Amino acid sequence: MPKLHIDTDLGGDIDDLCALAMVLNWPDAEVLAVTTVAEHQGKRAGYVRYVLRLADREDIPVAGGADVSLECYRSWQGLPDEKVYWPEPITPVPTSLDQALSLLERSIEQGAIIAAIGALTNLALLEKRSSGILRRAKIYLMGGYVFPPREGFPRWDNEMDFNVQIDVQSAYYVIEHSNPTFVPLAVTVETSLRRAHLARLRQAGPVARLIARQAEAFATEENYEAQYGRTCKGLPEDIINFLHDPLACAIALGWREGVEISEIALKSEIKDGWLCHVIDASGKPTQVVTRVDDKFNEFWLRTVARENSVSPVARAEQIVAGEPR
């Protein structure tokens, strides 16, 4: 049974919520802990705790890490209107940075896979506190711009690689002091959360219904249907958002259907304030996801809506009571 630790900036782009919902329903996987990054004095940790409560998984430890007020970030990372995205006010859960780093360290020592689906600030600070720890960690990074998206998808460049570029120094430090697997933007941009998915999400459990609520709000604010659905032939016209973080977490947990991973020699350097990766025979051998197919979208939907998002304890009680599987 794989163990997973998620380091996330949940509370902004809704794909972090989509990732957490998926791993909570993942069969035969154990989520050891969740840490948050680019914190707003514990607000993101509060969002995570709220989702875990909906899923009846309050046993999972949560700690808020590096705060958005730190000077390492390229720009301010605000939060969407809580009254629109969440059904009720969410209480912040402020914790010390040390608590978050200790939680990360404990997960690594227990052999957990680290799914880094936000800025890499927490991981950089952990390495500086406990030198050499990241070399022992199995890290899957949502990010790393190695090649551009394929024809038919948004023609995003290196500067769109948010998780890496929002805190360049930390990203560079982590990549140089670890052996991460990149799940790059050029691959994750081929995934999609669609308007056609919303009916199934609304009919599932409370976490899936929260995704449907936030997807509606996100669609209204961002209008990816017009930006990408009608302009990129590789994407469905009813796209609401990309499943960047769910794909990274799924690959971390072993999803391989339609997935290709290659070892590529990369040199990383900071140029004019941006982190760049160049394919170079003398570079560091790096595992990079190079292809995924659209089977993942349906897999994500099935997993999130599986068993109506009933908690493992509640599901066991249903089986004992003789309810149908």
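These notes cover the structure that comes with them.

**Some thoughts on the overall build of the protein**
- Scanning the protein for helices and strands turns up 14 helices and 11 strands.
- On C-alpha atoms alone, the protein measures out to a radius of gyration of 19 Å, which is about the 20 Å that the 2.2 N^0.38 rule sets for 325 residues.
- Structurally, the protein occupies a C-alpha span of about 60 × 45 × 35 Å along its principal axes.
- Across the 325 residues in the protein, those meeting the buried criterion constitute 58%.
- Taking all contacts inside the protein whose residues are at least 6 apart in sequence as the whole, residues at least 24 apart take part in 80%.
- Counting every atom, the protein has about 13,700 Å² of accessible surface; 48% of that belongs to carbon and sulfur.
- Separation of charge centres in the protein, based on 34 positive and 46 negative side chains, amounts to 3 Å.

**Some thoughts on the packing of helix H2 (residues 43–54) against helix H10 (residues 206–222)**
- The contact between H2 and H10 brings their axes to 8 Å, and the two run at 135°. Overall, the two elements H2 and H10 adopt an arrangement that is oblique. Side by side, H2 and H10 meet where Tyr50, Val51 and Leu54 of the first sit next to Pro206, Val207 and Leu210 of the second.
- Broken down by class, the residue content of the contact of H2 with H10 amounts to 6 nonpolar, no polar and no charged.

**Considering the pattern of salt bridges**
- What the rule picks out here adds up to 14 salt bridges.
- Residues Arg57 and Asp59 are paired through a salt bridge, measuring 3.1 Å at the closest nitrogen-oxygen approach.
- Look at Arg57 and you get buried, because its relative accessible area is 16%.
- Lys267 is paired through a salt bridge with Asp280; the nearest N and O atoms lie 3.9 Å apart. Taken together, the residues span a long stretch of sequence, with Lys267 in strand E9 (residues 260–271) and Asp280 in the loop between strand E10 (274–279) and strand E11 (284–291) at a distance of 13 residues.
- Put simply, Arg195, Arg202, Glu216 and Glu225 are held in one network by salt bridges that share partners.

**Quick notes on a negative patch on the surface**
- A surface patch of like charges, here negative, comprises Asp13, Asp81, Glu221 and Glu222.
- Its location among the elements puts Asp13 in the loop between strand E1 (3–8) and helix H1 (15–24).

**Looking at the sheet that holds strand E3 (residues 62–64)**
- Within the open sheet, the 9 strands sit side by side as E3-E2-E1-E4-E5-E6-E11-E9-E10. Their pairing is mixed. If you trace the sheet from one side to the other, it starts and ends with E3 and E10, each paired once. In this sheet, adjacent strand axes meet at a mean angle of 30° when their direction is disregarded.
- One ladder, built from 6 bridges, connects E1 with strand E2 (residues 30–36); its direction is parallel. For His5, the partnering residue across the bridge sits in E2 and is Ala33.
- Taken strand by strand, helix H7 (residues 168–176) contacts strand E5 (138–142), strand E6 (181–183), E9, E10 and E11, and its axis lies near 130° from that of E9.

**Regarding the packing of aromatic side chains**
- Scanning the model with the defined rule gives 12 aromatic pairs in all.
- A ring pair is formed by Tyr224 and Tyr228, whose centres lie 5.0 Å apart and whose planes are at 80°; its orientation type is edge-to-face. Of this pair, Tyr224 and Tyr228 both sit in helix H11 (residues 224–229), 4 residues apart, which is roughly one turn of that helix. Take Tyr224 and Tyr228: they sit in the same class, and that class is buried.
- An aromatic cluster is built from Trp156, Phe218, Tyr224, Tyr228 and Phe242, whose rings are joined through pairwise contacts.
- The positively charged end of Arg74 is found above the aromatic ring belonging to Trp274, 3.6 Å away from the centroid.
- When the ring centre of Tyr173 is taken as reference, the NZ or CZ atom of Lys128 above it lies at 5.0 Å.

What counts, and where the lines are drawn
- Residues numbered from 1 in each chain as written.
- Predicted model: local features only at pLDDT ≥ 70, side-chain atom pairs only at ≥ 80, totals over all residues.
- Heavy atoms only, no water.
- Helix = DSSP H or I, 4+ residues; strand = E, 2+ residues; numbered from the N terminus.
- Rg over C-alpha atoms; globule rule 2.2 N^0.38 Å.
- Buried < 20%, exposed > 50% of the residue type's maximum accessible area, 1.4 Å probe, protein only.
- Contact = heavy atoms within 4.5 Å.
- Areas by Shrake-Rupley, 256 points an atom, 1.4 Å probe, with all protein chains shown as cover.
- Lys, Arg positive; Asp, Glu negative; His and termini not counted.
- Charge placed at Lys NZ, Arg CZ, Asp CG, Glu CD.
- Axes fitted to C-alpha atoms, helices over the stretch in contact; angles between N-to-C directions.
- Parallel < 35°, antiparallel > 145°, perpendicular 65-115°, else oblique.
- Nonpolar A, V, L, I, M, F, W, Y, C, P; charged D, E, K, R; others polar.
- Salt bridge = Lys/Arg side-chain N within 4 Å of Asp/Glu carboxyl O.
- Patch = residues over 30% accessible without salt bridge, like charges linked within 9 Å, V, L, I, M, F, W, Y side chains within 5 Å.
- Pairing = 2+ DSSP bridges.
- Phe/Tyr/Trp six-rings, centres within 6.5 Å; stacked < 30°, edge-to-face > 60°.
- Lys NZ or Arg CZ within 6 Å of the ring centre and 35° of its normal.

Function cannot be inferred from these measures alone, as they are strictly geometric.
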